[in-house]
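Examination of the molecular architecture
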Amino acid sequence: MTAPADVTQAIATKFPNATARLSSDHPAFNVPMSEVLLVLKSLRDEQGYDFLMDITGIDWGVDATPRFTTVWHLHSSSHHGYVRIAANCESDTAPSAPTACGLWAGANWHERETWDLLGITFTGHPDLRRILMWDGYPYHPLRKDFPLAGIETELPDEEVAEETKAKVIAAPMVGGPFVASAGEMNLTEAEPRAKDESWNERSEKPE
């Protein structure tokens, strides 16, 4: 079994298209999306990274190409090492990655969350439904072009919407920069908040 210190050499030898990824903590690699399942399987079966800790994504911004990167975080329960694998999505408008549900059952919920919040589709996923937002919600809230103030949206239940004439109200917060009070001992007051408080919980949204 490969020790954490040797994983860079092991990846470089077996996957020459992989490159080291800048990281301040644990080994990390960029790999082509077409090879990512092979890399993950190799890390699991040959190097002891048996625990899929997380799957997430990065939105580099609406003008970036590639815009989206999918990231897998692995841990070894035997040698206690961590490794991070990243792969760029080919499409900027319909980003996708292969599902890792065949390698780890726990990938199921991680992939649903990444789809829900960033809109990265996982091909082959057995049940890719939203997990935090409701079915039919038209947005992906962690995308860079989703406003911090939120978007007013029709209620998912048409009968409730018809009866109440209400919408889902956007979050009462304007964009940052967000600031916190340095040295504040009251944790409630020390919570980060929008520097521009022209629209918040205590002040109505300006028309």
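My aim in this report is to walk through the structure given alongside it, one point at a time. Here, residues in each chain are numbered from 1, in the same order as that chain's written sequence. Residues qualify for local features only when their pLDDT is at least 70, as the model is predicted, and side-chain atom pairs are given and counted only at 80 or more; totals for whole chains, interfaces and linings, by contrast, use all residues. Only hydrogens and water are removed before side-chain values are computed, so all heavy atoms of the structure are retained for them.

Notes on the packing of helix α1 (residues 7-14) against helix α2 (residues 36-47)
Only the stretch in contact is used when a helix axis is fitted, and all axes are lines through C-alpha atoms; the angle between N-to-C directions ranges over 0 to 180 degrees. Helical segments are the DSSP runs of H or I of at least four residues, strand segments are the runs of E of at least two, and each set is numbered from the N terminus. At their nearest, the axes of α1 and α2 sit 12 Å apart, and the two run at 130° to each other. Classified by the angle between their axes, α1 and α2 sit oblique to one another. Crossing geometry of α1 relative to α2 is assigned as right-handed. Residues V7, A10, I11 and K14 of α1 pack against V39, S42, L43, E46 and Q47 of α2. When its residues are assigned to classes, the contact of α1 with α2 shows 5 nonpolar, 2 polar and 2 charged. Angle categories: roughly parallel below 35 degrees, roughly antiparallel above 145, roughly perpendicular from 65 to 115, and oblique for all the rest. In this scheme, a crossing is called left-handed if the near helix is turned counterclockwise away from the far one by less than a right angle; it is called right-handed if the turn is clockwise. The contact definition used throughout considers only heavy atoms, calling two residues in contact when any of these lie within 4.5 Å. Any residue outside Ala, Val, Leu, Ile, Met, Phe, Trp, Tyr, Cys, Pro, Asp, Glu, Lys and Arg is labelled polar, Gly included; the first ten of those are nonpolar and the last four are charged.

Side note on unusual backbone geometry
Of note, the amide linkage connecting T65 to P66 takes the cis form, showing an omega dihedral of -5°. Looking at the secondary structure, you find P66 in the loop between β3 (51-59) and β4 (68-75). Its identity as a non-glycine residue notwithstanding, H80 has a phi of 60°, on the positive side. As for its placement among the helices and strands, H80 is situated in the loop between β4 and β5 (82-88).

Overview of the pattern of salt bridges
What counts as a salt bridge is simple: a side-chain nitrogen of Lys or Arg found within 4 Å of a carboxyl oxygen of Asp or Glu. Evaluation of the coordinates by the stated rule reveals 8 salt bridges. Ionic pairing is found between D145 and R67, a salt bridge with its closest N-O pair at 3.2 Å. Within this pair, whereas D145 is found in the loop between β7 (121-123) and β8 (153-154), its partner R67 is found in the loop between β3 and β4, the two being separated by 78 residues in sequence. Accessible area is worked out with a 1.4 Å probe on protein chains only. A residue is then buried under 20% of its type maximum, exposed over 50%, and partly exposed in between. Under the relative-accessibility criterion, D145 is labelled partly exposed at 47%. Linking D116 and R130 is a salt bridge whose minimum nitrogen-to-oxygen distance equals 2.4 Å. Within this pair, whereas D116 is found in helix α3 (residues 107-118), its partner R130 is found in the loop between β7 and β8, the two being separated by 14 residues in sequence.

Notes on the nonpolar core
Within this scheme, the nonpolar core is defined by two criteria: the residues are buried Ala, Val, Leu, Ile, Met, Phe, Trp, Tyr or Cys, and they are joined through side-chain atoms within 4.5 Å. The biggest cluster of nonpolar side chains holds 30 residues, and the ones touching the most others in it are L40, L43, W72 and I85. Only α1, α2, β3, β4, β5 and α3 provide two or more residues apiece to this core. Element by element, the count of residues in this core is highest for α2, at 4 residues.

Some points on the packing of aromatic side chains
Note on aromatic pairs: the rings of Phe, Tyr and Trp (six-membered ring only in Trp) are paired at centre separations within 6.5 Å, and the planes decide the class, stacked below 30 degrees, edge-to-face beyond 60, tilted for the rest. Taken as a whole, this structure holds 3 aromatic pairs when the rule is applied. On the numbers, 5.5 Å between centres and 75° between planes, the contact of Y137 with Y139 is edge-to-face. Using a relative accessible area of 7% as the deciding quantity, one classes Y137 as buried. Put simply, the rings of W134, Y137, Y139 and F146 pair up and form one aromatic cluster.

What to know about the sheet that holds β3
Sheet architecture is open: 5 strands sit in the order β1-β2-β5-β4-β3, paired in mixed fashion. Of all strands in the sheet, those with a lone pairing partner are β1 (19-20) and β3, marking the two edges. Following DSSP output, two strands are said to pair if at least two bridges run between them. In the sheet, β1 pairs with strand β2 (residues 28-30) via 2 bridges, with the strands oriented antiparallel. Of the residues in β2, the one forming a bridge with T19 is N30. α2 rests against β4 and β5 of the sheet, and its axis sits at about 170° to β5.

Some remarks on the pairing of β4
Here β4 lies mainly inside the structure; 7 of its 8 residues are buried. As paired strands, β3 and β4 are joined by 8 bridges and run antiparallel to one another. From the neighbouring strand, L52 faces β4, where its bridge partner is L74. Looking at chain direction, β4 and β5 are connected through 7 bridges and run antiparallel. Across the sheet, the residue bridging to W72 is I85, located in β5. Turn length for the β4-β5 hairpin, with the two strands adjacent in sequence and antiparallel, is 6 residues, and the turn residue H80 shows positive phi of about 60°.

Shape descriptors only; they carry no functional weight alone.
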